[in-house]
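One-letter residues, chain by chain:
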Amino acid sequence: MSQLINSVLVLLVLTGFMLLGSSRLAACIRVVAFQGVLLGLLAILMQHGELTVTGVLLPLSTAVVKGLLLPWLLFRAMREAETVREIEPLIGYNLSIIAGSAALVIALWLGQRLRLPTEPPSSLLVPAALFTGLTAMIVIVSRRKALTQVLGYLALENSIYAFGTAIALRLPVLVELGILLDVFVGVFVMGIAIFHISREFEHIDTDKFAAPTNQPR
Amino acid sequence: MISGSVVPLIVALAGAPLMQGVIIRTKSVIAGRTGQPLMQPYRDLWKLLHKGAVYSQTTSWIFRIGPVVGLASLLLALALMPFGGFPALSAFSGDVILLAYLMALGRFLTVLAALDTGSSFEGMGASREVTFSALAEPALFLSLAALARETGRISIGPLLTAVSWSVWAHAAPMLGLTLAALVIVFLAENARIPVDDPATHLELTMIHEVMVLDHGGPDFAMIQYGATLKMWLFATIIVAVAAPWHSGNRWIDTAIGLAGMLILAIATGVIESSMARLRLLRVPQLLLVAIVLSALAVAL
């Protein structure tokens, strides 16, 4: 079982690197969706075989929302904004991957130092969660397109979810459903916002969002 | 130090060109052609050995020893490799470092010989070759370090024989990552398709092939043979990690190893038929991925 958990966590780390290294928005959306599915799988694996109905249904609904519903919303936003790829990020892709490696080192170091109230089922869990969060922050800071920044936000939420599975084996159902709903509404609103931004400015490059009066006509 | 068996070396010397033949044949079959006979690489080598070599007046002795050192370093490196159930011809503590640097020595002389010709194309090829191999080397070292850490051996022969299904059972993620990194290094070091196209003859995009344009006859035969040996060497590492069957009978293990090599050759042919070559600027990214994968394997 711990081998399976470890494999899932390694895949989670690799998706972080894929998010850092790919320029196509569609690929990034799929990567974040895959992260959501992995997290659902992780939450099911964490229950040590004693499967309950809510214990399976909750992770499953997480996987469905993050793996199907959110990507669908994001793909729609991408189509409406008519952007296919992130051009010229502030930090290049090779440099992003190197920064990701540094983030991995930091995450591993922090994961060893961090004392948790309960021993996590895998020594890799906390580093993987921290690493996902750090990559998400790199993405939010270094990419220009609003859509990629939304993806960074989603990856950040994924990392918090992963961290949550480490410290609290069973959150109250209501809280989990509430978080899921929040994320869904968040992405829904951001999708609409991206649509309006792209209609107003004819692009979604965040660093060109200066006040329209300052722009040369 | 010489304590092992000579079988792995003989198998490698005899079988290496066949692996090349299998890859070319796979590509032909997928492309819908009959393709050249499987034994064609041997015939090519034989033909080249019977030709004379032409040396440009601008070249010096460096140009002539390049292919010789390249082949000799690979022969030495292969003496460190086990195959199937047979131990390597020679093994001592820390020979993983020697293995990597023997290959680096061969490459260094190939690059020097390419620069020695004074051709601008060969200079470009040399520059690319060293850039990419500088990125492939950390990935190779980190992969070997991950394996060494898991098995507790730092000699390549015992290290590879120590990998077994029980190691897979308790360290599957780590071995999977190592394997993925090794496959990328295998493709990059042997100038296979996502990195370099071995069939191309357009100088502007070639990497490895462009460095050896001026070699002819027996020199070129040595280079070609060296290339097949290098591929065999990397393939041995991959097969030893991916299919660690130890039945107890050495000949059965050797047969399993050969079957693994055949599968890897066919897989390479399939990869080459189904993928386009990466843009030159994207190749460092692929190699960075290999470094990251292997670093993650060490960290696990």
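Residues numbered from 1 in each chain as written. Chains lettered and ligands numbered in written order. Predicted model: local features only at pLDDT ≥ 70, side-chain atom pairs only at ≥ 80, totals over all residues.

Turning our attention to the overall build of chain B. For chain B, the helix and strand inventory stands at eleven helices and zero strands. Along chain B, from the amino end to the carboxyl end, the secondary structure elements read α-α-α-α-α-α-α-α-α-α-α. Its C-alpha atoms give chain B a radius of gyration of 19 Å, within 12% of the compact-globule value 19 Å for 300 residues. Dimensions of chain B, computed from C-alpha atoms along their principal axes, come out at roughly 55 × 45 × 40 Å. (Helix = DSSP H or I, 4+ residues; strand = E, 2+ residues; numbered from the N terminus. Rg over C-alpha atoms; globule rule 2.2 N^0.38 Å.)

This part is about the overall build of chain A. Of regular secondary structure, chain A possesses seven helices and zero strands. Mapped from its N terminus to its C terminus, chain A presents α and β elements in the order α-α-α-α-α-α-α. A compact globule built from 217 residues would reach a C-alpha radius of gyration of about 17 Å, and chain A, at 18 Å, matches this within 12%. When its C-alpha atoms are laid out on the principal axes, chain A stretches across 65 × 35 × 25 Å.

Our next topic: the packing of helix H4 (residues 95-116) of chain B against helix H5 (residues 120-151) of chain B. All names here are of chain B. H5 packs onto H4 with a crossing angle of 180° between their chain directions and a minimal axis gap of 10 Å. As judged from the angle between their axes, H4 and H5 are roughly antiparallel. Touching Val96, Ala100, Arg107, Val111, Ala114 and Leu115 of H4 are Glu122, Gly123, Gly125, Ala126, Glu129, Val130, Ser133, Glu137, Leu140, Phe141, Leu144 and Ala148, all from H5. Tallied by class, the residues present in the contact of H4 with H5 amount to eleven nonpolar, three polar and four charged. (Axes fitted to C-alpha atoms, helices over the stretch in contact; angles between N-to-C directions. Parallel < 35°, antiparallel > 145°, perpendicular 65-115°, else oblique. Contact = placed C-beta atoms within 7 Å. Nonpolar A, V, L, I, M, F, W, Y, C, P; charged D, E, K, R; others polar.)

With that settled, consider the interface of chain B and chain A. At the interface, twelve residues of chain B touch 14 residues of chain A. Going through the elements one at a time, helix H7 (165-189) and helix H11 (283-299) of chain B are the ones with two or more residues in the side of chain B that touches chain A. Per-element tally for the side of chain B that touches chain A: the top contributor is H11(B), with seven residues. Taken together, the residues that form the side of chain B that touches chain A break down as ten nonpolar, two polar and no charged.

Residue and element names in this part refer to chain A. At a minimum axis separation of 8 Å, helix H4 (residues 93-113) and helix H5 (residues 125-142) run at an interaxial angle of 145°. The interaxial crossing formed by H4 with H5 has right-handed handedness. Every residue of H5 that contacts H4 at Ser96, Ala99, Gly100, Ala103, Leu104, Ile106, Ala107, Leu108, Leu110 and Gly111 is listed here: Val126, Pro127, Leu130, Phe131, Leu134, Thr135, Ile138 and Ser142. Its residues assigned to classes, the contact of H4 with H5 comprises 13 nonpolar, five polar and no charged. (Left-handed = near helix turned anticlockwise from the far one by under 90°.)

Attention shifts here to the environment of Val173(A). Residue and element names in this part refer to chain A. In this fold, Val173 is placed in helix H7 (residues 173-201). Between the C-alpha atom of Val173 and that of Gln47, which follows or precedes it by 126 residues, the distance is 15 Å. If we ignore the near neighbours within four places in the chain, the residues touching Val173 are Thr54 and Leu58.

Of the residues in chain B, 98% have a pLDDT of 70 or more, and the chain-wide mean is 90. Predicted complex metrics record ipTM = 0.75 and pTM = 0.86. (pLDDT = per-residue confidence, 0-100.)

What follows is about H4(B). Taking 1.5 Å of rise per residue, 22 residues should cover 32 Å, and H4(B) covers 31 Å from first to last C-alpha, within 8% of that figure. Gly118(B) lies just past H4(B) and shows a positive phi near 75°. (Expected span 1.5 Å × (residues − 1).)

Moving on, we come to the environment of Lys66(A). Residues and elements named next belong to chain A. Its place among the elements puts Lys66 in helix H3 (residues 53-81). A sequence separation of 30 residues divides Lys66 from Gly36, and the C-alpha atoms of the two residues are 4.9 Å apart. Apart from residues no more than four positions distant in its own chain, Lys66 is found in contact with Ala33 and Gly36.

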